[in-house]
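Observations on the model geometry
So the chains spell out like this:
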Amino acid sequence: MRSRRVKLRWAGGFAVAAVMFILVAPPAKGQRVPPPPPPNPAKTPYPAVSNATPGQQSQEEQMRQARNVMRQKKLVEEVEKLQQLTNELHADVAKTDKDTLSLDVVRKSEQVEKLAKSIHGLMVSSQQ
């Protein structure tokens, strides 16, 4: 029984540490962030032929921009939820002693993981 609690405590602590590292850790000083790779010509779509005048945007472009705005709003909402959950998880972990880990902490860490994966999915889909 004690072994399971220790494993759960380690898993919860690891989840909190991983999320906090991802959200908070800036690049080290003096460390350069490599530039993004150039776009792959095979994956770059050809521009759509449009009958719109140069001053007007095509309907497809307007729809694309609207989707990007909606995706950005959802991304901001989910990041705020993730921040709230990680703060709650941090407070709950601080309340536990060295020998126990509550089931609530484990559940919250699972929620944090799901939300982080959801955010990652939104970010990846926005780059495609």
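Residues numbered from 1 in each chain as written. Predicted model: local features only at pLDDT ≥ 70, side-chain atom pairs only at ≥ 80, totals over all residues. Heavy atoms only, no water.

This paragraph deals with the overall build of the protein. Summing up its helical and strand segments, the protein has 3 helices and 0 strands in all. Each helix (α) and strand (β) of the protein, taken in turn from the N terminus, gives the series α-α-α. In the protein, 70% of the contacts between residues at least 6 apart in sequence involve partners at least 24 apart. With an accessible surface of roughly 10900 Å², the protein has 59% of that area assigned to carbon and sulfur atoms. (Helix = DSSP H or I, 4+ residues; strand = E, 2+ residues; numbered from the N terminus. Contact = heavy atoms within 4.5 Å. Areas by Shrake-Rupley, 256 points an atom, 1.4 Å probe, with all protein chains shown as cover.)

Now for the pattern of salt bridges. For side chains of opposite charge, pairing can occur when their charged atoms come near one another. One pass over the full model with this rule turns up 5 salt bridges. Notably, a salt bridge pairs Arg64 with Glu61, separated by 2.4 Å at the nearest N-O pair. You can see Arg64 and its partner Glu61 sitting in helix H2 (residues 59-95), 3 residues apart, about one turn around the helix. Looking at Glu61, the relative accessible area reads 26%, which means it is partly exposed. Lys117 is paired through a salt bridge with Glu113; the nearest N and O atoms lie 3.7 Å apart. Residue Lys117 and its partner Glu113 are both found in helix H3 (residues 103-127); the two are separated by 4 residues, about one turn of the helix. Given the relative accessible area of 57%, Lys117 is considered exposed. (Salt bridge = Lys/Arg side-chain N within 4 Å of Asp/Glu carboxyl O. Buried < 20%, exposed > 50% of the residue type's maximum accessible area, 1.4 Å probe, protein only.)

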